[in-house]
Structure formats: C-alpha cells, structure tokens
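Listed below are the residues making up each chain.
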Amino acid sequence: MFAETLTQQLAIPVTPVHAQTINNTTLDTVGVNMSKFERVMFLCDVGTNAASASVIFKLQDSPTVGGTYTDITGGATTAITTASKIKTLEIRADQLNASAEFVRCRATESAAQVATITIIPLAGFVRHRPETDSTQVTERLVV
C-alpha cells in the first residue's frame, strides 16, 4: 500500500500557462522557486498548429523570480511542427546554473504561424511540507 497519492506528492507550484495562441513570439511561465522542490517538470502541450508553425520549449533559470533568465544548457526541445503533441521538460534543483534559484519554461513559435500551447508545471519532492499550490487549483479529487 502506498502512503501518498499523486496529488500529495506533486504540486502545481506556479500558475500554469492556460491554452493560448502564439505567433512568432514567446510565452513564459512564472519562475518556480527551486529552494522548495527537488525537481520540477513542465508538461508542454501543442494543441492546434498551423501548417508550418514551429514551437520550441526550453528551460531558463535566474537568481530571482523577476530577474534576467538565461538558457539552461541542454534544456531545449526539438521543434514541434504538428498538432496534438506533448513534450515534457524536467530538471533537478542541483542542475541550475550557479546562483540560480528559479526556473521557468519558455515557449517560442518562430515560423510566424499560429500555434495553441499549454504549459503545466509539476513540482515534486517538496523540501518542506506543506507546500502550497497555485491558486488556480480549485479542486483535488482523489478516488
């Protein structure tokens, strides 16, 4: 028997990027404070995608939540050029650049075509319980 449910093991640490269209632009999540978690994963969904749209997701880090973010080496996906595809990006707190404490996910559409994306952050291995979730979570149903 397991001691915890997935909803107890995982947190949604910042507000997700709800389904939005991007076109030749970037869209970022809020930075996740990695002093509170051992790992974070970003679930990146491309729903609709115009014929030649090209979406790349990448991880970036910063010493402060509102600071200047820099790319994390090896933290970018290959381009998604078709509809209905999901990619995940995961990183441990000890993999951030020196002095960085916050990590975010950036989506970029570079072909001047419309793509609809969603990014959901999931953090695990909470360092200090209880840890709060995003205020966007209105219900956690466990059966």
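This text goes with the structure placed above it.
Note that the structure is a prediction, hence the values are computed from the model and not measured.

The rules behind these values
- Residues numbered from 1 in each chain as written.
- Predicted model: local features only at pLDDT ≥ 70, side-chain atom pairs only at ≥ 80, totals over all residues.
- Heavy atoms only, no water.
- Helix = DSSP H or I, 4+ residues; strand = E, 2+ residues; numbered from the N terminus.
- Rg over C-alpha atoms; globule rule 2.2 N^0.38 Å.
- Contact = heavy atoms within 4.5 Å.
- Areas by Shrake-Rupley, 256 points an atom, 1.4 Å probe, with all protein chains shown as cover.
- Lys, Arg positive; Asp, Glu negative; His and termini not counted.
- Charge placed at Lys NZ, Arg CZ, Asp CG, Glu CD.
- Buried < 20%, exposed > 50% of the residue type's maximum accessible area, 1.4 Å probe, protein only.
- Salt bridge = Lys/Arg side-chain N within 4 Å of Asp/Glu carboxyl O.
- Core = buried A, V, L, I, M, F, W, Y, C linked by side-chain atoms within 4.5 Å.

S.K.: Would you mind going over the overall build of the protein with me for this structure?
M.R.: Each helix and strand counted, the protein has one helix and 10 strands in total. In the protein, the succession of α and β elements from N to C terminus is α-β-β-β-β-β-β-β-β-β-β. Its C-alpha radius of gyration of 16 Å places the protein within 12% of the 15 Å reference for a compact globule of 143 residues. With the C-alpha coordinates of the protein rotated into their principal frame, the extents come out at 45 × 40 × 25 Å. Contacts in the protein between residues at least 24 apart in sequence constitute 82% of all its contacts with a sequence separation of at least 6. Just so you have it, the protein exposes about 8,000 Å², and 54% of that area is on carbon and sulfur atoms. Averaging the coordinates of the 11 positive side-chain charges in the protein and doing the same for the 13 negative ones gives two points 3 Å apart.

S.K.: What am I meant to see in the side chain of Asn33 here?
M.R.: Within the secondary structure layout, Asn33 lies in strand β4 (residues 32–33). By relative accessible area, Asn33 is classed as buried at 18%. Not counting the four nearest positions on each side in its chain, Asn33 is found in contact with Glu101 and Phe102.

S.K.: What should I look at first to understand the pattern of salt bridges in this one?
M.R.: Side chains that differ in sign of charge can pair as their charged atoms come close. Counted according to the given criterion, the structure contains five salt bridges. For the salt bridge of Glu90 with Arg39, the shortest nitrogen-to-oxygen distance reads 2.9 Å. Taken as a pair, Glu90 in strand β8 (residues 85–92) and Arg39 in strand β5 (residues 37–49) lie far apart in primary sequence, 51 residues in all. We classify Arg39 as partly exposed; its relative accessible area is 28%. Arg92 is the partner of Asp94 in a salt bridge, and the nearest nitrogen-oxygen pair spans 2.8 Å. Taking the relative accessible area as the measure of exposure, Asp94 reaches 60% and is therefore exposed.

S.K.: It is not clear to me how the nonpolar core should be interpreted in this structure. Could you clarify?
M.R.: Grouped burial of nonpolar side chains is what soluble globular proteins tend to show. Core analysis: the largest hydrophobic core is formed by 31 residues, its most contacted members being Val32, Val40, Phe42, Phe57, Val103, Ile117 and Ile119. At the level of elements, β2 (17–23), β5, β6 (55–62), β8, β9 (102–109) and β10 (114–126) are the ones that each hand at least two residues to this core. Apart from residues no more than four positions distant in its own chain, Phe42 is found in contact with Thr29, Val32, Leu59, Lys87, Thr88, Leu89, Val103, Arg104, Cys105, Ile119, Ile120 and Pro121.

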